[in-house]
Amino acid sequence: MSSETNIGEEMADSIVSAARTSLGDTLRSVVHFTPSAFDVLYTRRDLYDSAERTAGAKSQLVEFERTGFAEGPVRTALASAAGGSDIGAYEFTVRVHGDGFVVRVIQGDAGVLFTTDDMDVAAFEDAATAIRHLLAGT
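Attention here is on the structure that accompanies the text. (Residues numbered from 1 in each chain as written. Predicted model: local features only at pLDDT ≥ 70, side-chain atom pairs only at ≥ 80, totals over all residues. Heavy atoms only, no water.)

A closer look at helix α2 (residues 51-65)
End to end, α2 covers 20 Å across 15 residues, agreeing with the expected 21 Å (1.5 Å per residue, within 8%). The largest bend in α2 comes to about 30°, at Ser59. When we look at burial in α2, the residues that qualify are Thr54, Lys58, Val62 and Glu65. Structurally, α2 contributes buried residues whose contacts are with β1 (27-33), β2 (38-43), α3 (68-80), β3 (92-97), β4 (100-107) and β5 (110-117). (Helix = DSSP H or I, 4+ residues; strand = E, 2+ residues; numbered from the N terminus. Expected span 1.5 Å × (residues − 1). Bend = angle between axes of the 7 residues up to and from the residue. Buried < 20%, exposed > 50% of the residue type's maximum accessible area, 1.4 Å probe, protein only. Contact = heavy atoms within 4.5 Å.)

Printed below as a string of structure tokens:
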């Protein structure tokens, strides 16, 4: 497997497996990204006809989701600051769209985003938690 982000094949397979186990056939795509690169790890067969089209479609989404590298630590600091809401550390983001979802999980200098068809949101926590643990190496 050729990788722009230096993700190993075993880690990539584990991330896709965690997302597929939690989300099933509603899973559309899984992308691993860093502040400077990204790799499409999985795309459902019915979505794009080539790797180039897939990368093109995901590049703008990844660029936007990279804001999480700066956003997550700020959210965590604000939530736990004296007088803050004390809601705990930032864990993951779910973006709701008319026909599906985009979920972003960031751990350190690596992130994963995955897209799904419209579905019940309860499975996202399972998927995000499993992926966060994989990225953290725990």
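What about the pattern of salt bridges?
In this structure the tally under the stated criterion is 10 salt bridges. Here Glu63 ties to Arg66 by a salt bridge, and the two come within 2.8 Å at their closest N and O atoms. What you see here is one network of salt bridges that share partners, running through Arg28, Arg44, Asp46 and Asp117. (Salt bridge = Lys/Arg side-chain N within 4 Å of Asp/Glu carboxyl O.)

Comments concerning the packing of aromatic side chains
One pass over the structure, following the stated rule, counts two aromatic pairs. When the ring of Phe33 is compared with that of Phe69, the centres are 5.6 Å apart and the planes differ by 70°; the resulting orientation is edge-to-face. Here Phe33, found in strand β1, pairs with Phe69, found in helix α3; they are 36 residues apart in sequence, far enough to count as distant. Both rings, one in Phe101 and one in Phe124, keep their centres 4.9 Å apart while their planes meet at 65°; by these two values the pair is edge-to-face. A residue pair is termed long-range when its members are at least 10 positions apart, and Phe101 in strand β4 and Phe124 in helix α4 (residues 122-136) qualify at 23 residues. Of the two residues examined, Phe101 and Phe124, each falls in the buried class. (Phe/Tyr/Trp six-rings, centres within 6.5 Å; stacked < 30°, edge-to-face > 60°.)

Brief notes about the environment of Asp13
Residue position: Asp13 is located in helix α1 (residues 9-23). Of the residues examined, Asp13 reaches a relative accessible area of 47% and is grouped as partly exposed. Distance in space between the C-alpha atoms of Asp13 and Tyr42 is 9.2 Å, their sequence separation being 29 residues.

Remarks on α3
Between its first and last C-alpha, α3 extends 18 Å over 13 residues, near the 18 Å set by a 1.5 Å rise per residue. Among the residues of α3, Gly68, Phe69, Gly72 and Ala79 are the ones counted as buried. For α3, the buried positions fall inside an angular range of 110° around the axis, keeping them on one side. In α3, the exposed positions that point more than 90 degrees away from the buried face belong to Ala70, Pro73 and Leu78. Of the surrounding elements, those touching the buried residues of α3 are β1, α2, β4 and β5. (Arc of directions from axis to C-beta.)

A short note on the side chain of Arg132
Here Arg132 shows up in helix α4. Other than its neighbours up to four places away in sequence, Arg132 contacts Glu91, Phe92, Val105 and Gln107.

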